Amino acid sequence: FRRTPHLHTPSPIFHISHPPPAMAMIWLSLAAVLVALLPSTPIALECNAPNAGALSSIPHCVPLSDEAIFYWRFDDSRGKIQLGGHFKAAGWVGLGLSANGGMKGADIIVVREGSNGTYVVEDMFSTDYAMPTLDAQQNVELIFANRTGQETVFLVERDIEPCDIWEDFDISKGEMKVIAAWQAEEIHELMYHGPAKRVTKALILRDHDQISPIEQTPGIQTVDIQMPNVTIPSKHTTYMCLPVVLPDDRKYHMVANDPLISPQRGGDLVHHMIIYHCDAPEEPSSWLSGPKPCGEMKCGFWAGWAVGGGRWVAPEQAGMPMGKGQGSARY
């Protein structure tokens, strides 16, 4: 059964080490975990798990959710890319690329068991938020697919730059929106997946190995902003703000932010998060008393996260000022 969900994380925690001689930089971690009283959490899938089989040899692997793992690798000598998945699915599975993170206009690959018991792959395209249709030109090859219990693994191959420019996406440099959906039950006919069996994630597929973790940058420090306990109202949409005092011992720059959301507890409730910078309150003690409805302070937009997004990193030599100094935010 489901009881009233709660927004829960520990109290705000700030991690500031002694600043380096040069202007310090801060990596701001945005955290929100929504807790619902649910049955015991199922074990999440992981990259290169035993049931992944031959997918473990694929160099790039990213969890899309607790029930979907995405694999890929390039073969530039042949102009090909291989795309694979490990899903908690006994039925069909779908993997795609989307311009906006949604199904409309998406290039979709569906892997499912055919009428004769063998797996087939279908190259599809969606013109709306509806059932996708088969491409006139089928440009995807199935390398393998199999199921063990309630878990399906597969690997397909397609051109990096397919000739079907109307219904297939080129695999380009920069961020791409990867979408996935699956059927948990042993149903092989393509049908609506429902809100719980779909996911969107923004990834850099090309040159993925060249992404340097922000934590390895000299002088980086962290501040974790975490939402304490708050009861979520029963209405469909709720905006809740947590006022926070930022370090002001010197001038800093925010150069990255990272959403920390528990898939087991918040993945089905959190839609987006926003970091605002605010003017100094007239009564700081009352304003900083805890979570409250948004709109009580004069604030400006700093950065945001929405479903399917990931870490945001500012361009080199850029950052948002905070702490001491004119134009720097403290709240």
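My aim in this report is to walk through the structure given alongside it, one point at a time. No experiment lies behind these values; they were computed from the predicted model shown.

## Quick look at the overall build of the chain
Within the chain, the regular secondary structure consists of 1 helix and 24 strands. Relative to its 331 residues, the chain shows a buried fraction of 43%. For the chain, restricting intrachain contacts to residue pairs at least 6 apart in sequence, the fraction spanning at least 24 positions comes to 68%. Total accessible area on the chain is roughly 17800 Å²; 54% of this is exposed by carbon and sulfur atoms.

## Some words on unusual backbone geometry
Glycine aside, residues mostly have negative phi angles, and peptide bonds mostly take the trans form. A positive phi angle is found at N48, which is not glycine, with a value near 60°. Along the chain, N48 falls in the loop between β4 (34-35) and β5 (60-65).

## A word on the nonpolar core
A general trend in soluble globular proteins is that nonpolar side chains are found buried together. Grouped together as the largest cluster of nonpolar side chains are 29 residues, with contacts concentrated most on L64, F70, F87, L95, V111 and L205. Ranked by residue count, the leading element in this core is strand β14 (residues 175-182), at 4 residues. Not counting the four nearest positions on each side in its chain, V111 is found in contact with W92, V93, Y119, V120, V121, L142, A145, F154 and V156. Of all hydrophobic cores here, the second largest spans 14 residues; its members include V230, L242, I275 and A329.

## Comments concerning the pattern of salt bridges
Under the defined criterion, the tally for this structure stands at 8 salt bridges. Notably, a salt bridge pairs E67 with K197, separated by 2.7 Å at the nearest N-O pair. Of the two residues, E67 sits in the loop between β5 and β6 (68-75) while K197 sits in the loop between β14 and β15 (198-204), which places them 130 residues apart along the sequence. R112 is paired through a salt bridge with E122; the nearest N and O atoms lie 3.0 Å apart. Here R112 is found in strand β9 (residues 107-113), whereas its partner E122 is found in strand β10 (residues 119-125), with 10 residues between them in sequence. Since its relative accessible area comes to 21%, R112 is described here as partly exposed. Owing to a relative accessible area of 14%, E122 belongs among the buried residues under this scheme. Each of D75, R78 and E157 takes part in a single network of salt bridges with overlapping partners.

## Focus on the side chain of N139
Here N139 is to be found in the loop between β11 (133-134) and β12 (140-148). Within the structure, N139 has its side chain in polar contact with the side chain of D168 (distance 2.8 Å).

## Side note on the environment of R250
By secondary structure assignment, the location of R250 is in the loop between β18 (240-241) and β19 (251-260). Expressed as a C-alpha distance, the spacing of R250 and G323, which sit 73 residues apart in the sequence, is 5.8 Å.

## Section: the environment of G94
Relative to the elements of secondary structure, G94 occurs in strand β8 (residues 93-98). Between the C-alpha atom of G94 and that of L190, which follows or precedes it by 96 residues, the distance is 9.4 Å. Those residues within four positions of G94 in sequence are excluded, and the remaining contacts are F87, I109, V110, I179, A180 and A181.

## Concerning the state of the cysteines
Applying the stated criterion across every chain yields a total of 1 disulfide. Each disulfide pairs two cysteine sulfurs, and for C47 the partner residue is C61, the sulfurs being separated by 2.0 Å. Torsion about the S-S bond of the C47 and C61 cystine: about -100°, corresponding to left-handed handedness. Of the two residues, C47 is situated in the loop between β4 and β5 and C61 in strand β5; the sequence distance between them amounts to 14 residues.

## Some details on the sheet that holds β12
The strand order across the open sheet built from 5 strands is β5-β6-β7-β13-β12, with neighbouring strands paired in antiparallel fashion. In this open sheet, the two strands that pair with only one neighbour each are β5 and β12. Direction aside, neighbouring strands of the sheet carry axes that sit 15° apart on average. Where β12 and strand β13 (residues 151-159) come together, 8 bridges link them in antiparallel fashion. Pairing of A145 across the sheet is with F154, part of β13.

## Points about a nonpolar patch on the surface
Together, M131, I187 and M191 give the surface a local cluster of nonpolar side chains, amounting to about 250 Å² of exposed area. Mapped onto the elements of the fold, M131 is located in the loop between β10 and β11. With relative accessibility at 46%, the residue M131 sits in the partly exposed group.

## Comments concerning the sheet that holds β14
Pairing within the open sheet is antiparallel, and its 6 strands lie in the order β11-β10-β9-β8-β14-β15. Only two strands of the sheet have a single neighbouring strand rather than two, namely β11 and β15.

Rules used throughout
- Residues numbered from 1 in each chain as written.
- Predicted model: local features only at pLDDT ≥ 70, side-chain atom pairs only at ≥ 80, totals over all residues.
- Heavy atoms only, no water.
- Helix = DSSP H or I, 4+ residues; strand = E, 2+ residues; numbered from the N terminus.
- Buried < 20%, exposed > 50% of the residue type's maximum accessible area, 1.4 Å probe, protein only.
- Contact = heavy atoms within 4.5 Å.
- Areas by Shrake-Rupley, 256 points an atom, 1.4 Å probe, with all protein chains shown as cover.
- Core = buried A, V, L, I, M, F, W, Y, C linked by side-chain atoms within 4.5 Å.
- Salt bridge = Lys/Arg side-chain N within 4 Å of Asp/Glu carboxyl O.
- Polar contact = N/O pair within 3.5 Å; in protein donor to acceptor, adjacent residues only side chain to side chain.
- Disulfide = S-S within 2.5 Å.
- Pairing = 2+ DSSP bridges.
- Axes fitted to C-alpha atoms, helices over the stretch in contact; angles between N-to-C directions.
- Patch = residues over 30% accessible without salt bridge, like charges linked within 9 Å, V, L, I, M, F, W, Y side chains within 5 Å.

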